[in-house]
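# Structural description and commentary
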Amino acid sequence: GENVEQHPSTLSVQEGDSAVIKCTYSDSASNYFPWYKQELGKGPQLIIDIRSNVGEKKDQRIAVTLNKTAKHFSLHITETQPEDSAVYFCAATLYSSASKIIFGSGTRLSIRP
Amino acid sequence: NAGVTQTPKFRILKIGQSMTLQCTQDMNHNYMYWYRQDPGMGLKLIYYSVGAGITDKGEVPNGYNVSRSTTEDFPLRLELAAPSQTSVYFCASSYDGQYFVEQFFGPGTRLTVL
């Protein structure tokens, strides 16, 4: 089955700097890679996703890249702000099988003022 | 819309006790899910449902039961609680789970079994 590894587990960056979170997956059949943000005391919320036919996707300060050959995908946050402090989860799944989504272990991102 | 609501927010159980975690969504979503989140770990799927009357096991179903009598409600039952079930439980829903669309999560229930 699918296995998703996520690094680092904690990340602290200066406000205004960039943050990068990396994930690897094991099942080459996976074709959909969502990223979730979990704020303290709340449930995860989808912030961006990418499908395997796309190498990069951007949404304002957030971007995700995918390397299918290496089975790597990454989340990039630029010009970080205090409200970016949260736990971020990557995930991998088959687009046709939402019940089989596998989550990474999470990255706690802290933005230093 | 309230989205996905869960009750209770916190609960402490003694070993061997039982309880039901409630989950309700008002978005008319067909698919509903129960996940558990252990410290430092990602979410693991316990059970899911593709519609009223239909449920199926996820990755970690042992020790849990579910039912889906209505579109809105998807309760999770713990029988004979064990310390290993200490976790944060999240309920989620999506309009169509066959072709992945966004899952909307509730705020979670923090359960401690002592």
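As a starting point, this report considers the structure included with it. Predicted model, so just to flag it, every value in this text is computed and none were measured.

To continue, consider the overall build of chain A. Along chain A, the regular secondary structure elements total zero helices and eleven strands. Overall, chain A shows an N-to-C arrangement of helices and strands of β-β-β-β-β-β-β-β-β-β-β. A compact globule built from 113 residues should have a C-alpha radius of gyration of about 13 Å, and chain A, at 13 Å, falls within 12% of that. Counting only C-alpha atoms and orienting by the principal axes, one finds that chain A spans roughly 40 × 30 × 20 Å. Excluding contacts between residues fewer than 6 apart, the proportion of contacts in chain A whose partners are at least 24 apart in sequence is 53%. Positive and negative side-chain charges of chain A, numbering 12 and 12 respectively, have mean locations separated by a distance of 4 Å.

Within this structure, the stated rule accounts for seven salt bridges over all chains. A salt bridge links glutamate 39 of chain A to lysine 37 of chain A, with the nearest nitrogen and oxygen atoms 3.5 Å apart. On the basis of relative accessible area, glutamate 39 of chain A is assigned to the partly exposed category, the value being 31%. Residue lysine 37 of chain A is classed as buried on the basis of its relative accessible area of 16%. Note that aspartate 38 of chain B is salt-bridged to arginine 36 of chain B, the shortest N-O span being 2.9 Å. A relative accessible area of 23% places aspartate 38 of chain B in the partly exposed class. Exposure remark for arginine 36 of chain B: the relative accessible area of 12% places this residue in the buried category.

Another aspect to go through is the packing of aromatic side chains. Residue and element names in this part refer to chain A. Counted by the stated rule, this structure contains twelve aromatic pairs over all chains. Ring centres of tyrosine 36 and phenylalanine 103 lie 5.7 Å apart, and the angle between their planes is 55°; this geometry places the pair in the tilted category. Residue tyrosine 36 is found in strand E4 (residues 32-38), and its partner phenylalanine 103 is found in strand E10 (residues 102-103); the two are separated by 67 residues along the sequence. Residues tyrosine 36 and phenylalanine 103 agree in their burial class; the two are buried.

Let's shift gears to the pairing of strand E11 (residues 107-112) of chain A. Remark: a regular strand shows side chains that alternate across the two faces of the sheet. All names here are of chain A. Burial along E11 is one-sided: the residues Thr107, Leu109 and Ile111 are buried and none of Arg108, Ser110 and Arg112 is. Across five bridges, the pairing between strand E2 (residues 10-14) and E11 is parallel. Directly across from threonine 10, in E11, lies its bridge partner arginine 108. Pairing of strand E9 (residues 86-92) with E11, which is carried by three bridges, proceeds in the antiparallel orientation. Bridging from a neighbouring strand, alanine 86 pairs with leucine 109 of E11.

Attention now goes to the nonpolar core. Trp35, Phe73 and Leu109 of chain A are the most contacted members of the largest nonpolar core, which totals 23 residues. Secondary-structure elements contributing two or more residues to this core are E2, strand E3 (19-25), E4, strand E5 (45-51), strand E7 (62-67), strand E8 (72-77), E9 and E11 of chain A. Beyond its immediate stretch of four places on either side in the chain, phenylalanine 73 of chain A contacts Ile21, Lys22, Cys23, Tyr25, Phe33, Trp35, Thr65, Leu66, Cys90 and Ala91 of chain A. If you look at the next biggest cluster of nonpolar residues, it comprises 19 residues, including Leu21, Cys23, Leu78 and Ala81 of chain B.

Glancing now at the environment of leucine 66 of chain A. As for its placement among the helices and strands, leucine 66 of chain A is situated in strand E7. Along the primary structure leucine 66 of chain A and phenylalanine 103 of chain A are separated by 37 residues, whereas in three dimensions their C-alpha atoms are 16 Å apart.

The next point concerns the sheet that holds E7 of chain A. Residues and elements named next belong to chain A. Read from one edge to the other, the open sheet built from five strands follows the order E1-E3-E8-E7-E6, with strand pairing classed as antiparallel. A single partner strand is all that each edge strand has here, and the edge strands are strand E1 (4-7) and strand E6 (56-59). Across the sheet, the mean angle from the axis of one strand to that of its neighbour is 15°, orientation sign disregarded.

Criteria and thresholds
- Residues numbered from 1 in each chain as written.
- Chains lettered and ligands numbered in written order.
- Predicted model: local features only at pLDDT ≥ 70, side-chain atom pairs only at ≥ 80, totals over all residues.
- Heavy atoms only, no water.
- Helix = DSSP H or I, 4+ residues; strand = E, 2+ residues; numbered from the N terminus.
- Rg over C-alpha atoms; globule rule 2.2 N^0.38 Å.
- Contact = heavy atoms within 4.5 Å.
- Lys, Arg positive; Asp, Glu negative; His and termini not counted.
- Charge placed at Lys NZ, Arg CZ, Asp CG, Glu CD.
- Salt bridge = Lys/Arg side-chain N within 4 Å of Asp/Glu carboxyl O.
- Buried < 20%, exposed > 50% of the residue type's maximum accessible area, 1.4 Å probe, protein only.
- Phe/Tyr/Trp six-rings, centres within 6.5 Å; stacked < 30°, edge-to-face > 60°.
- Pairing = 2+ DSSP bridges.
- Core = buried A, V, L, I, M, F, W, Y, C linked by side-chain atoms within 4.5 Å.
- Axes fitted to C-alpha atoms, helices over the stretch in contact; angles between N-to-C directions.

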